[in-house]
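Here is what each chain is made of, one letter per residue.
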Amino acid sequence: MTPADDLGAPPGQLRVLHVEDNALDAELVAQALRKGGFSASVVVVQTEAEFARELSSNCPDVVLADYNLPQWKGMEALEVLQRQGLDIPLILVSGALGDVTAVECIKRGATDYVLKDGLARLPEAVRRALQEKHLLHLRRLAEGNLARKVEELARSNADLEQFAYVASHDLQEPLRMVAAYTQLLAERYQGRLDEDADKFIGYACEGASRMQALILDLLAFSRVGRCGAVCGRVDCDAAVEEVLLSLGPAMQASGAVVTHAALPVVWADRSQMTQVFQNLIGNAIKFHGKEPPAISVQAEKADEQWMFSVSDNGIGIAPEYAENIFVVFQRLHTRTEYPGNGIGLAVCKKIIEHCGGKIWVDAQVGHGSTFKFTLPAAAPAEEGCARL
Amino acid sequence: MKQVSIILLVDDNPADVDLARVALQETLHRVQVESVGDGEAALSFLNRTGIHAEKLRPDLVILDLNLPKKDGRTVLAELKANADLHTIPIVVFSTSRSAPDIGRSYELGANCYVSKPGNLKDYLAAVQAIEQFWFGSASLPTKGQLN
Amino acid sequence: MNVGELDILLVEDNQDDMDLALHALRRGNLANNIFVVRDGEEALDFLFCRGAYAHRSFALPPKLVLLDLKLPKVDGMVVLKQTKSDTRTKTIPIVIMTSSKEERDLAESYKLGVNSYIQKPVDFDQFRDTVKSVGLYWLVTNQAPVTDGSKQLAGATHDSR
């Protein structure tokens, strides 16, 4: 029913509904349209009843209306269209109206107005009206598509995170059973069966315990996006101090020394920022070389961002793996060399990117590593810790 | 005649029930452990109906929340609304650590709430702590009481 | 006074028992914040955030109330009854610690919804041990209802590598 396929100049018939009581004027309008290159079929009506009937039986592409009719007003036709929610452009074709009235009509929704003694303009006005309508239609389509796509994406992300959460959450139960009972077996039957049995039970216990750690890590990873960040002012000095407290035993065991310059206050989620520092500093302590770990945490401002760096004197990272290490479960060493699940850096990356920052590493094998990440400096208007 | 203390374990996971039994074997007090695997059976046991008509009234109920048939919250609510049974102490013992689950349990009248630990050692210790408190330190309502 | 998170409200009028209880709880490192009131009326004012305690909030109840029965002004049983019959306060864990050996008190307390009932041992050492085990059970083993004031998730958080 809509002339959606029409462009400025409709290829087929232009269906016109003309509200006019003067036959001569009607004829002149029809002529003007023909001269303007339209192949128009024009229906002329005078009263509201006729108008309504024509509207319902033969939906026009455009409505032309005289402003002043004996029984009716042209603007009332506009009201009928608006009431019915019809998107048909209405062009007033009238005697002199005066600018104020004309503007008033346009404001109320008339698409254009053409003077009866300036009908040469009419085809142009009709073309423009139809084109505008078409563009509006296209834009609405595009917006609709975009909205749908955004919704789909959000839903798919939510699904994924929901899945990760449910999977890891539901896996905990049966895993708990396996872990508990393999441990019970170990306690009760160690040395009482044979050497093989002890070994097998040992492997089972170890596997179960690793799985438990993995599931908890996965849960933490899935939680980053799912729970939504609660952004606020985060004192990074305080966050690092908290982390150093919890890493106390590890620091003592390795003889690690961690220094930090005055760190800024940023706009972020406090527990997530603490997690980032925990993972980076924890890694720096873990992957140390022959010397005790010396770690420094610093920050400098560049443009509207803070750039943090965590540098260490540890074993370093080969440049070809610099991107790989941020992939979840990617590890560069065997479990006997260094413990861990390979999820810490993936979590950091997810958190930082959610806050609108970037994270990367500058490193060389045997020469320590410097992990750097950026964070927006000020509280952003709407974004920052965007939840997807 | 000293009556044996009875604990009713309400848990649908036989592995958890067995673990609890292991924990309770090592305690100082003589405790008889009964168990049921779903909410309906729990209510039937406590109301002494059907196949549980001959059962004795337990001194303590250790109740999991996620149960088939009737879930733990329903059992808790029904027991605490029952004039005859509501004085039996109920320990909610669940893997859930969520604040809503904990809060709701207290609202429904649970005497206390203990989270099931994830590892063996702590699990056994938790069950033993429950037993030790309720049968060692606390005084339980005597069974002769009606309402 | 202490408007923050309160571990224990101790309602006790006997000075010796109070000292012993405080000593046992603090020694065992079980409770950092213990507040003492010495009669039933004060206990009610405290729990219902009125009178001298009007500044207190229902959102920050004590994690545990240790309640003696024989109290001046308002009896412990009345305190129990009123606390357990008001939705704002009924989820507060209340443990009665009394020297009473009356069956009636035991039965009535459980009927009114006490969380648990302890008979104070006469022996000095046993009393101390009992208080310690009560503290241990209700503040460590047990999960108190989490209120608006304490927004942490009950239980430890796991830090990943």
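Peer 1: What is the right way to look at the overall build of chain A in this model?
Peer 2: Assigned secondary structure in chain A consists of 10 helices and 12 strands. By residue count, 33% of the 388 residues in chain A fall in the buried class. When contacts within chain A are restricted to residue pairs at least 6 apart in sequence, long-range pairs at least 24 apart make up 70% of them.

Peer 1: Hey, could you run me through the overall build of chain C in this one?
Peer 2: Within chain C, the secondary structure is distributed over 5 helices and 5 strands. Reading the helices (α) and strands (β) of chain C from amino to carboxyl end gives β-α-β-α-β-α-β-α-β-α. Buried positions account for 39% of the 161 residues belonging to chain C. Here the contacts in chain C between residues at least 6 apart in sequence split such that 68% fall between residues at least 24 apart.

Peer 1: What is the right way to read the sheet that holds strand β2 (residues 31–36) of chain B from this model?
Peer 2: As a general point, the strands of a sheet are linked pairwise by backbone hydrogen bonds and lie either parallel or antiparallel. All names here are of chain B. The strand order β2-β1-β3-β4-β5 describes an open sheet built from 5 strands, whose pairing is parallel. One side of each edge strand has no neighbouring strand; the edge strands of this open sheet are β2 and β5 (112–115). Between one strand axis and the next, the sheet turns by 20 degrees as a mean value, whatever way the strands run. Where strand β3 (residues 60–63) meets strand β4 (residues 90–94), 3 bridges bridge the pair, whose relative direction is parallel. Of the residues in β4, the one forming a bridge with L63 is V92.

Peer 1: Teacher, can you tell me more about the confidence of the model for chain A here?
Peer 2: Close inspection of predicted coordinates is inappropriate in any region flagged by low pLDDT. Residue and element names in this part refer to chain A. When pLDDT is averaged across chain A, the result is 85; 92% of the residues are at 70 or more. Confidence drops under pLDDT 50 across residues 1–9; counting only partners more than four residues distant or on other chains, this segment forms 16 contacts. Low pLDDT, under 50, characterises residues 382–388; the predicted model gives this stretch 19 contacts beyond four residues in sequence or across chains.

Peer 1: I would appreciate a short explanation of the environment of A:L28 in the present structure.
Peer 2: Residue and element names in this part refer to chain A. Note that L28 resides in helix α1 (residues 23–35). Residue L28 is classed as partly exposed on the basis of its 17 C-beta neighbours within 10 Å. Each C-alpha atom of the pair L28 and K116 lies 8.8 Å from the other, and the pair is 88 residues apart in sequence.

Peer 1: Hey, could you run me through the interface of chain B and chain C in this one?
Peer 2: Interfaces are often described in size by the accessible area the parts lose on coming together. With 23 residues of chain B in contact, the opposing surface of chain C contributes 25 residues. When residues of the side of chain B that touches chain C are traced back to their parent elements, those giving at least two are α4 (99–107), β5 and α5 (120–137) of chain B. Per-element accounting of the side of chain B that touches chain C gives the leading share, 5 residues, to α4(B).

Peer 1: I keep staring at the interface of chain A and chain B and nothing clicks. Help me out?
Peer 2: Tallying the contact residues gives 9 residues for chain A and 7 residues for chain B. Broken down by element, the residue count for the side of chain A that touches chain B peaks at 8 residues, all from helix α5 (residues 122–189) of chain A. Each residue belonging to the side of chain A that touches chain B can be placed in one class, and the counts come to 5 nonpolar, 2 polar and 2 charged.

Peer 1: I'm lost on the confidence of the model for chain C in this one. Help?
Peer 2: Residue and element names in this part refer to chain C. Summarising the model, chain C shows a mean pLDDT of 86, and 88% of its residues fall at 70 or more. Below a pLDDT of 50 lies the segment residues 149–161, which in the model reaches 29 contacts outside its immediate sequence neighbourhood of four places, other chains included. Predicted complex, confidence summary: ipTM 0.88, pTM 0.62.

Peer 1: Teacher, can you tell me more about the sheet that holds strand β12 (residues 369–376) of chain A here?
Peer 2: Residue and element names in this part refer to chain A. Taken in spatial order, the 5 strands line up as β7-β9-β10-β12-β11 in an open sheet, and their pairing is mixed. Here the strands that pair on one side only, and so sit at the sheet edges, are β7 (257–260) and β11 (359–363). Adjacent strand axes in the sheet meet at a mean angle of 20 degrees when their direction is disregarded. By the bridge criterion, 7 bridges tie strand β9 (residues 294–302) to strand β10 (residues 305–311) in an arrangement that is antiparallel. Looking at β10, one finds that V297 is bridged to V310.

Peer 1: What is the right way to look at helix α1 (residues 15–27) of chain C in this model?
Peer 2: Three or four residues apart is the spacing at which side chains of an α-helix point the same way, because the helix has 3.6 residues per turn. Over its 13 residues, α1(C) extends 18 Å from the first C-alpha to the last, a length consistent with the 18 Å expected when each residue adds 1.5 Å. Positive phi shows up at C:N29, right after α1(C), with a value of about 55 degrees.

Peer 1: What's the story with the nonpolar core in this structure? I'm lost.
Peer 2: Most often, soluble globular proteins have nonpolar side chains that are buried together. In this structure, B:V10, B:I62, B:L63, C:V11, C:L66 and C:L67 are the most contacted members of the largest nonpolar core, which totals 82 residues. Every residue in contact with C:L67, bar those within four places of it in the chain, is listed here: C:V11, C:G76, C:V79, C:L80, C:I94, C:V95, C:I96 and C:M97. Core analysis: the second largest hydrophobic core is formed by 46 residues, A:M273, A:F308, A:I325 and A:I343 among them.

Peer 1: Please explain helix α4 (residues 103–112) of chain C as it appears in this structure.
Peer 2: All names here are of chain C. Residues of α4 that are buried: L106, S109 and Y110. Looking straight down α4, one finds that the buried residues subtend no more than 95 degrees of arc, so they occupy a single side. Following α4 by one or two positions, G113 adopts a phi angle in the positive range, close to 100 degrees.

Peer 1: In this structure, what is going on with unusual backbone geometry? I would like to understand it.
Peer 2: With the exception of glycine, most residues fall at negative phi, and the peptide bonds are largely trans. Notably, B:R48 is not glycine yet its phi reads approximately 55 degrees, a positive angle. With respect to the helices, strands and loops of the structure, B:R48 is situated in the loop between α2 (39–47) and β3. With a phi close to 70 degrees, C:K73 is a non-glycine residue in the positive phi region. Within the secondary structure layout, C:K73 lies in the loop between β3 (64–67) and α3 (76–84).

Peer 1: Whenever I open this one, the pairing of strand β2 (residues 40–45) of chain A confuses me. Can you help?
Peer 2: A regular strand places its side chains so that they alternate between the two faces of the sheet. Bridge count between strand β1 (residues 14–19) of chain A and β2(A): 6 bridges; the pairing is parallel. Residue A:L17 lies in a different strand from β2(A), and its bridge partner there is A:V43.

What counts, and where the lines are drawn
Residues numbered from 1 in each chain as written. Chains lettered and ligands numbered in written order. Predicted model: local features only at pLDDT ≥ 70, side-chain atom pairs only at ≥ 80, totals over all residues. Helix = DSSP H or I, 4+ residues; strand = E, 2+ residues; numbered from the N terminus. Buried ≥ 20, exposed ≤ 12 C-beta atoms within 10 Å, placed from the backbone. Contact = placed C-beta atoms within 7 Å. Pairing = 2+ DSSP bridges. Axes fitted to C-alpha atoms, helices over the stretch in contact; angles between N-to-C directions. pLDDT = per-residue confidence, 0-100. Nonpolar A, V, L, I, M, F, W, Y, C, P; charged D, E, K, R; others polar. Expected span 1.5 Å × (residues − 1). Core = buried A, V, L, I, M, F, W, Y, C linked by C-beta atoms within 7 Å. Arc of directions from axis to C-beta.

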